[in-house]
Amino acid sequence: MRERTQFSIDLSILSQNFEKLKILAPKNKVLFMVKANGYGHGMIPIVQYSFEHLGINEFGVATLGEALALRDALGQYPFDIYVFSDVQIELETHHEKYLNRRIIPVLSGMKDFEFFLSNDAFTYFPLCLKFNTGMNRLGLSMESLPEIIKKLKGHGRKEIFHLITHFACISGPADHKLNLEQIKNFEEIKRTFKNSGINLNHTSISNSGAIEQGVGLENTHIRPGLMLYGPSSMARQYAHLSNWNGQCIGRLDTYVIRIFKVNKGDPIGYGGTLVPRDGYIAIIALGYGDGFSTKYQSVKLQYKDRSYEVFGRVNMDMAQLFIDERSCPLKEGDHFTIWGHDPEDVLNICQQMNSIPYELFCQLSVRIPREYRI
Ligand SMILES: *Cc1c(COP(=O)(O)O)cnc(C)c1O
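Residues numbered from 1 in each chain as written. Predicted model: local features only at pLDDT ≥ 70, side-chain atom pairs only at ≥ 80, totals over all residues. Heavy atoms only, no water.

Engineer: Help me understand the pattern of salt bridges, please; the structure alone is not making it clear to me.
Structural biologist: For side chains bearing opposite charge, pairing can occur when the charged atoms are close. In total, this model carries 15 salt bridges according to the counting rule given. A salt bridge links Glu-114 to Lys-151; its shortest N-O distance comes to 2.7 Å. Separated by 37 residues along the polypeptide, Glu-114 in helix 6 (residues 110–118) and Lys-151 in helix 7 (residues 145–154) bring together distant segments of the chain. Residue Asp-324 is joined to Arg-277 by a salt bridge in which the shortest nitrogen-to-oxygen separation is 2.9 Å. Residue Asp-324 is located in the loop between strand 17 (319–323) and strand 18 (335–339), and its partner Arg-277 is located in the loop between strand 13 (273–274) and strand 14 (279–284); the two are separated by 47 residues in the primary sequence. The exposure class assigned to Arg-277 is partly exposed, which follows from its relative accessible area of 43%. Overlapping salt bridges, with partners in common, bring together Arg-2, Asp-290, Asp-317 and Arg-367 in one network. (Salt bridge = Lys/Arg side-chain N within 4 Å of Asp/Glu carboxyl O. Helix = DSSP H or I, 4+ residues; strand = E, 2+ residues; numbered from the N terminus. Buried < 20%, exposed > 50% of the residue type's maximum accessible area, 1.4 Å probe, protein only.)

What follows is the structure, given as structure tokens:
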């Protein structure tokens, strides 16, 4: 574990982001996506805070394992957990886990759906279906709607607890052809169910990109992930289409282990990358073992109005910064913030390394302690 390198999470910023979200979507219930360890921020403290202080009582994870970890840690809290992709409901050993812990599987395949219906233990369990409206990843097909309705009726089911679909291109303009088609398809699915006498308790289509553009809010629920952690999920060139102005809840801090003067042409570190000019090299306590991946090579980090290039190869336990100046603005032991609460920090890094904030957050490894402030 690290000590001085840490990811500090300010939960009061999460609270502010949530208030801002309520302004964008005042009428919708929030199903907060906390998969992948709360997008790297720590699923359990994030959920605990969100339940206790923000009144959120529905959370989404990707795997049964994540759901079990959440119930194990916070079993006393009466919130709903949805498992979205890695459901494994067909495994006998897993039924009990869903049933006993009231974990709701999001059924996105015909086999899972049939299995759920034909298993008596699930008779009074919430039925949650995810449809493919055009993303072509997971999801029940629209062609199978008549068959699904027939099976529901055959098993005396009169309602769907939560009907879900997911956008493919909503980090781009809302009026993109595929987005419009997905919205139209979802409306058609809802209509078909209702016309067949199947009641829809909850419906949702909107993740961050949709919420940021005011799309899909006619449904009961929204499913924000990234935006509540801070950054907009819109692609850089469409940032102007977003109504989001959240702050990053996490700040990634490291510190300077060593600093030394270098002359033009000196080889530095693995591979002996040659420094282009006289200057300084600062060694920071962050490497790919911490999730500071090799893609950070050559990225220019902004810190206190100066630019620092990640120089040469990123190592497992440290990385080099090149300081292109006559007098060195840093000294050994100094703090160095990789990104702060301003989402521009993270978005700038992403743009340079051709990545996305989702990935930057998720890749932070267990070696970096998460520290929480309220
Ligand atoms: C991850 C996920 C979300 C949240 O997406 P963001 O872009 O982070 O807001 C919503 N819905 C589903 C089905 C997801 O898998």
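Engineer: Honestly, the site of the ligand in this entry has me stumped. Any pointers?
Structural biologist: Around the ligand sit Met-33, Lys-35, Tyr-39, Phe-84, His-166, Asn-207, Ser-208, Arg-223, Pro-224, Gly-225, Leu-226 and Tyr-358, and that is every residue in its neighbourhood. Within the backbone of Leu-226, a nitrogen or oxygen atom sits 2.8 Å from an oxygen atom of the ligand. Alone, the ligand offers 390 Å² of accessible surface; in the complex the protein occludes 93% of this. Given that more than half its atoms are within 2 Å of the pocket grid, the ligand belongs to the largest pocket. Split by residue class, the shell around the ligand holds six nonpolar, four polar and two charged. (Near = heavy atom within 4 Å. Polar contact = N/O pair within 3.5 Å; in protein donor to acceptor, adjacent residues only side chain to side chain. Areas by Shrake-Rupley, 256 points an atom, 1.4 Å probe, with all protein chains shown as cover. 1 Å grid on protein atoms, 1.4 Å probe; cavity = no way out; pocket = protein on both sides within 12 Å on 5 of 7 lines; lining within 4 Å. Sits in = over half its atoms within 2 Å of the grid points. Nonpolar A, V, L, I, M, F, W, Y, C, P; charged D, E, K, R; others polar.)

Engineer: Please explain the packing of aromatic side chains as it appears in this structure.
Structural biologist: Aromatic ring pairs are reported here in terms of the distance separating the ring centres and the angle at which the planes meet. One pass over the full model with this rule turns up 18 aromatic pairs. Look at Phe-32 and Phe-59: their rings are 6.3 Å apart centre to centre, the planes differ by 45 degrees, and that puts the pair in the tilted class. Here Phe-59 lies in strand 4 (residues 58–63) and Phe-32 lies in strand 3 (residues 32–33), a separation of 27 residues in the sequence. Classification of Phe-59 by relative accessible area gives buried; the value is 0%. (Phe/Tyr/Trp six-rings, centres within 6.5 Å; stacked < 30°, edge-to-face > 60°.)

Engineer: Would you explain the nonpolar core in this entry?
Structural biologist: Here is a general trend for soluble globular proteins: nonpolar side chains tend to be buried in one another's company. Of all hydrophobic cores here, the largest spans 108 residues; its most connected members are Phe-32, Leu-129, Phe-193, Ile-338 and Trp-339. What Phe-193 contacts, discounting residues up to four positions off in sequence, is Leu-129, Phe-131, Leu-145, Ile-148, Ile-149, Leu-152, Ile-160, Leu-163, Ile-198 and Leu-200. In terms of nonpolar packing, the next biggest core, distinct from the first, is built from seven residues, Val-262, Ile-268, Ile-283 and Phe-322 among them. (Core = buried A, V, L, I, M, F, W, Y, C linked by side-chain atoms within 4.5 Å. Contact = heavy atoms within 4.5 Å.)

Engineer: Would you mind going over the environment of Arg-4 with me for this structure?
Structural biologist: Take Arg-4: it is sitting in the segment before strand 1 (6–10). In sequence terms Arg-4 and Ser-50 are 46 residues apart; their C-alpha atoms lie 27 Å from each other. Setting aside its immediate chain neighbours within four residues, Arg-4 contacts Asp-253, Thr-254, Tyr-255 and Gly-333.

Engineer: Would you take a moment to explain the layout of surface pockets for this structure?
Structural biologist: Using a probe with the size of a water molecule, rolled over the atoms, empty space left in the structure can be pinpointed. Of the voids in this model, the largest pocket is the one considered here, and its volume is about 790 Å³. Breaking the lining of the largest pocket down by element, the ones donating at least two residues are helix 2 (35–39), strand 5 (80–86), helix 9 (208–212), helix 11 (343–353) and helix 12 (357–362). A per-class count over the lining of the largest pocket returns 21 nonpolar, 12 polar and five charged. In this structure, the second largest pocket encloses a volume near 230 Å³. (Points joined across faces, edges and corners; volume = space filled by probe spheres on them.)

Engineer: Honestly, the side chain of Asp-334 in this entry has me stumped. Any pointers?
Structural biologist: Within the secondary structure, Asp-334 is located in the loop between strand 17 and strand 18. For Asp-334, a relative accessible area of 19% gives the class buried. Beyond its immediate sequence surroundings of up to four residues, Asp-334 is in contact with Thr-254, Tyr-255, Val-256 and Pro-329.

Engineer: Would you mind showing me how to read the packing of helix 6 against helix 7 here?
Structural biologist: When two helices pack together, their arrangement is given by the angle between the helix axes and by the axis-to-axis distance. Where helix 6 contacts helix 7, the axes come no closer than 11 Å and their chain directions differ by 10 degrees. Relative to helix 7, the element helix 6 lies roughly parallel. Listed contacts from helix 7 to Met-110, Phe-113, Glu-114 and Leu-117 of helix 6 are Glu-147, Ile-148, Lys-151 and Leu-152. The residue inventory of the contact of helix 6 with helix 7, partitioned by class, reads five nonpolar, no polar and three charged. (Axes fitted to C-alpha atoms, helices over the stretch in contact; angles between N-to-C directions. Parallel < 35°, antiparallel > 145°, perpendicular 65-115°, else oblique.)

Engineer: What am I meant to see in the environment of Phe-292 here?
Structural biologist: Mapped onto the elements of the fold, Phe-292 is located in the loop between strand 14 and strand 15 (300–303). When near neighbours in sequence (up to four residues on either side) are disregarded, Phe-292 contacts Leu-286, Gly-287, Val-310, Val-314, Ala-319 and Ile-338.

Engineer: Hey, could you run me through the packing of helix 3 (residues 43–54) against helix 4 (residues 64–74) in this one?
Structural biologist: Two elements in contact, helix 3 and helix 4, have axes whose closest approach is 10 Å; the angle formed by their N-to-C orientations is 60 degrees. By the angle class used here, helix 3 and helix 4 are oblique. Here helix 3 runs over helix 4; the crossing is right-handed. Where helix 3 abuts helix 4, its residues Met-43, Ile-44, Val-47 and Gln-48 lie against Glu-66, Ala-69, Leu-70, Ala-73 and Leu-74. (Left-handed = near helix turned anticlockwise from the far one by under 90°.)

Engineer: Looking at this structure, I do not really get unusual backbone geometry. What am I missing?
Structural biologist: Both trends apply: most residues other than glycine have a negative phi, and most peptide bonds are in trans. In this structure, Asn-37 takes a positive phi of about 55 degrees despite not being glycine. Examined against the element boundaries, Asn-37 turns out to sit in helix 2. Residue Asn-37 is classed as partly exposed on the basis of its relative accessible area, which comes to 38%. Residues other than glycine seldom take positive phi values, yet Ser-298 does so here, at roughly 75 degrees. Counting through the fold element by element, Ser-298 comes out in the loop between strand 14 and strand 15. Residue Ser-298 is classed as partly exposed on the basis of its relative accessible area, which comes to 40%.

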